[in-house]
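So the chains spell out like this:
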Amino acid sequence: MISLQSITKSFGKFQALAGVDLEVPAGTVQGLLGPNGAGKTTTVRVLTTLLEPDGGDAFIAGHSVRTEGDAARRSLGVSGQYAAVDDKLTGLENLTLVGQLYGMRRKAAKARAHELLEHFRLDGVPKGQRAGSYSGGMRRRLDLAGALVARPPVVILDEPTTGLDPRGRRDTWDAISALADDGTAVLLTTQYLEEADELADSIAVIDGGRIVAEGTPATLKAQAGGARLDMSFERPGTVPAARAALSSIGLEVSADDSALRLSATAPGRQESLRAALAALREAEIEVIEASLRQPTLDDVFLQITQKPAGVRSGQDSAEDPAVSPTEAPAEDPVPDNAAAREEVRS
Amino acid sequence: MSVITAVRDGGIIARRNFTNVRRTPGALVTGVAQPIIFVLIMAFVFGGALGGADYREFLIGGLLAQTLTFNSSFTAVYLAKDLHQGIVDRFRVLPMSRVGVVLGRTWSDLITSVISTVVLVLCGLAIGWRATTDPLTITLTFLLLLLYAFAIAWVGAVVALTARSVEVAQSLGLLWLFPVCFISGAFVSADTLPGPLRGIAEWNPVTAIATAARQGFGNTAPAQFEVAGGWPAENAALYATLCCLSIIAIFAPIAVTQYRRISRR
């Protein structure tokens with residue numbers, strides 16, 4: 001239903017997409033995960049015909065976004081990270097407008113709008129209340145409803161739950177699952193690994209404009225190896241020494257030297273934990289917390305992109321000075337930040 | 001994309017725009033207040049020195065041309081707002097006509113121009129202006145004014161689509177209006193302007209609209225005004241119509257091309 005074939009896109013010198021291939025069959029949810037500046041938004045903009053790729057092509061329900069933009073748009077529903085609703089119109093008017101612009105007759109568009117308002121629990125607002133006075137969550141739901149007005153076979157959701165409260169997020173998740181159950185192909189970009197884990201049938205990790213890993217959540221977790229060992233330290237600057245100590249007993253450590261915590265592989269579970277604590281005691285390193293756990297997609301991410309799980313939010317990059325040069329704080333695509341990021345790499 | 005789809009989608013967008021205008025308190029205040037302010041300034045501040053009651057009769061045609069030209073700044077601002085506040089991104093991913101958004105804008109702004117025209121006519125009647133020709137000529141003259149309002153809105157649309165932000169669209173959309181409206185025969189006889197300015201004023205579309213309006217309403221210039229001559233003045237209605245059509249022919253394609261280019265950026 002969605003097919004990306006060797007998509008490339010550059011902004012000036014910065015290559016935002018360096019050959020992206022992806023297939024999303026009908027009835028599945030494809031998660032697209034990546035840090036800021038990785039190429040998620042650029043991918044979405046190409047798929048939604050807002051941006052023409054430099055090379056390659058993408059197909060929405062078989063229609064090329066390059067040459068059959070109109071047919072592609074007809075099969076497409078989009079909901080963005082900023083809710084694109086008209087503040088001056090009511091929810092009903094917003095959805096009716098979208099329906100009409102999909103080519104529906106006014107009456108049919110209105111009927112469909114009522115249906116969606118009910119479905120997304122937006123029908124309880126006083127008649128005549130404009131979208132401008134909706135809460136953030138309601139606006140997002142209205143925007144999502146806008147994507148579904150024409151029952152398109154392909155739905156693209158760009159960070160649909162960013163900024164939503166838990167209830168709103170749960171509602172949105174339910175709606176997305178229901179879409180896939182009805183046979184819709186859904187592409188979902190997200191910064192929340194938990195969200196991808198919950199919803200996606202398949203996850204693609206994008207970094208530096210390339211898909212660097214792809215598979216089901218279970219496959220990807222298996223890639224991260226067995227159990228993980230988390231440790232926290234009291235004194236700053238302990239991590240390099242701890243890393244050395246743990247490496248010497250054969251554990252693979254991922255952490256930032258400036259952070260106060262690390263995560264290591266623990267193939268032997270309790271054995272590894274004991275060995276690790278012993279090694280640290282030997283090196284006279286004080287541990288304030290140590291725990292064993294199952295791998296999460298965070299670990300996958302960390303391993304694949306060689307970055308801490310800063311994908312969760314911008315906070316990590318603020319906390320960890322060592323990371324900040326490699327993290328573009330703004331949304332991609334921002335050529336300036338992205339270019340800076342490229343320089344640091346090379 | 002077919003013309004029918006463009007017209008249909010333009011109509012849908014125009015309706016949405018108009019709902020927006022109705023629900024924005026103060027959105028129409030400028031459209032209403034501006035003609036009143038200009039009538040007061042021109043009729044009673046400058047008017048006394050320029051011929052009193054005779055000048056007030058002469059003035060209304062010029063004010064109509066000037067007001068409708070100024071209204072293109074509304075097009076610039078509202079279209080720029082839609083562009084930069086994400087709502088156009090929503091429209092761009094819909095299978096709607098690529099012309100629809102801009103077409104809808106220029107149509108809905110026509111309503112603002114109708115309101116401004118009505119206000120001006122009422123002000124004119126209050127200060128002694130009358131249309132003395134037959135009803136058909138008067139009707140045709142108002143239709144020409146609306147055609148002009150529609151044409152000049154496309155210039156506003158190009159400003160909006162070229163500007164990088166709403167603020168830039170706002171200032172750019174106003175800036176060009178002053179020389180265009182005042183280096184003209186809208187408020188004085190074009191023949192009193194010096195050298196090259198006179199040539200510009202004689203051929204200025206604003207002059208053509210003002211002159212065509214005066215002729216269409218049967219208004220004459222104060223006795224001491226030199227009568228502007230030349231082909232544009234002698235064929236004001238024809239020349240004004242040609243101006244409107246030329247403006248549309250030049251600016252509408254630019255606006256549509258710009259919109260498409262933005263879509264692909």
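Residues numbered from 1 in each chain as written. Chains lettered and ligands numbered in written order. Predicted model: local features only at pLDDT ≥ 70, side-chain atom pairs only at ≥ 80, totals over all residues. Heavy atoms only, no water.

Draft legend 1. Spatial organisation of the pairing of strand E10 (residues 210-215) of chain A. Taken together, the 5 bridges between strand E9 (residues 202-207) of chain A and E10(A) define a ladder with antiparallel strand orientation. Each bridged residue has a counterpart across the sheet, and for A:Val205 the counterpart in E10(A) is A:Ala213. (Pairing = 2+ DSSP bridges. Helix = DSSP H or I, 4+ residues; strand = E, 2+ residues; numbered from the N terminus.)

Draft legend 2. Local environment of the interface of chain B and chain A. Taken together, the contact between chain B and chain A spans 25 residues of the former and 32 residues of the latter. Taken together, the two surfaces of chain B and chain A that pack against each other cover about 2600 Å², and 52% of this comes from carbon and sulfur. Summed over the shared surface of chain B and chain A, the result is 4 salt bridges. Across the pair B:Arg90 and A:Asp143 runs a salt bridge whose closest N-O atoms are separated by 2.8 Å. Here chain B and chain A share 10 residue pairs in polar contact (both at pLDDT 80 or more) between them. At the level of elements, helix H1 (3-22), helix H5 (87-92) and helix H13 (236-264) of chain B are the ones that each hand at least two residues to the side of chain B that touches chain A. When its residues are assigned to classes, the side of chain B that touches chain A shows 9 nonpolar, 5 polar and 11 charged. (Contact = heavy atoms within 4.5 Å. Buried area = accessible area lost by both parts, 1.4 Å probe. Salt bridge = Lys/Arg side-chain N within 4 Å of Asp/Glu carboxyl O. Polar contact = N/O pair within 3.5 Å; in protein donor to acceptor, adjacent residues only side chain to side chain. Nonpolar A, V, L, I, M, F, W, Y, C, P; charged D, E, K, R; others polar.)

Draft legend 3. Inspection of the packing of helix H9 (residues 239-248) of chain A against helix H10 (residues 270-282) of chain A at higher detail. Residues and elements named next belong to chain A. Remark: H9 packs on H10, axes separated minimally by 9 Å, with the N-to-C direction vectors making an angle of 125°. In terms of orientation, H9 and H10 fall into the oblique class. Crossing of H9 over H10 shows right-handed handedness. For the pair H9 and H10, the contacting residues are Ala 242, Ala 245 and Leu 246 in the first and Ala 276, Ala 279 and Leu 280 in the second. For the contact of H9 with H10, the class distribution of residues is 6 nonpolar, no polar and no charged. (Axes fitted to C-alpha atoms, helices over the stretch in contact; angles between N-to-C directions. Parallel < 35°, antiparallel > 145°, perpendicular 65-115°, else oblique. Left-handed = near helix turned anticlockwise from the far one by under 90°.)

Draft legend 4. Here's a closer look at helix H2 (residues 29-50) of chain B. Residues and elements named next belong to chain B. Between its first and last C-alpha, H2 extends 29 Å over 22 residues, near the 32 Å set by a 1.5 Å rise per residue. The axis of H2 is deflected most strongly, by about 25°, at Ala 43. Within H2, burial applies to Gly 31, Gln 34, Pro 35, Phe 38, Val 39, Met 42, Ala 43 and Gly 47. For H2, the elements touching its buried residues are helix H3 (53-70), helix H4 (72-84), helix H6 (100-126) and helix H9 (177-182). (Expected span 1.5 Å × (residues − 1). Bend = angle between axes of the 7 residues up to and from the residue. Buried < 20%, exposed > 50% of the residue type's maximum accessible area, 1.4 Å probe, protein only.)

Draft legend 5. How the structure looks around the pattern of salt bridges. Residues and elements named next belong to chain A. Going through the model one piece at a time under the given rule, you end up with 23 salt bridges over all chains. Here Glu 115 ties to Arg 112 by a salt bridge, and the two come within 2.8 Å at their closest N and O atoms. Residue Glu 115 and its partner Arg 112 are located together in helix H4 (residues 106-119), separated by 3 residues, close to a single helical turn.

Draft legend 6. Looking closely at the sheet that holds strand E12 (residues 253-254) of chain A. All names here are of chain A. Sheet architecture is open: 4 strands sit in the order E12-E13-E11-E14, paired in antiparallel fashion. Every other strand in the sheet has two partners, leaving E12 and strand E14 (287-293) as the edge strands with one partner each. Here 6 bridges tie strand E11 (residues 228-233) to E14, and the two strands are oriented antiparallel to one another. Residue pairing for E14: Phe 233 is matched across the bridge by Val 287. Set on the sheet, H9 makes contact with E11, E12 and strand E13 (261-265); between it and E13 the angle comes to about 15°.

Draft legend 7. Layout of the nonpolar core. In terms of nonpolar packing, the biggest core is built from 107 residues, with B:Leu63 and B:Phe91 touching the most fellow members. Take this core: its biggest share by element is 14 residues, from helix H7 (residues 135-162) of chain B. Among all residues touching B:Phe91, those that are not within four sequence positions of it are A:Leu97, A:Leu101, B:Ile13, B:Arg16, B:Met96, B:Arg98, B:Val101 and B:Tyr259. Counting residues in hydrophobic clusters, the runner-up holds 30 residues, among them A:Phe14, A:Leu22, A:Val154 and A:Ile156. (Core = buried A, V, L, I, M, F, W, Y, C linked by side-chain atoms within 4.5 Å.)

Draft legend 8. Highlighting the environment of A:Ile60. Residues and elements named next belong to chain A. With respect to the secondary-structure elements, Ile 60 resides in strand E4 (residues 55-60). A relative accessible area of 0% places Ile 60 in the buried class. Ile 60 sits 12 residues away from Thr 48 along the chain, and the two C-alpha atoms are 8.8 Å apart. In contact with Ile 60, not counting residues within four places along its chain, are Met 1, Ile 2, Leu 47, Val 65, Ala 72, Ser 75, Leu 76, Val 154 and Ile 156.

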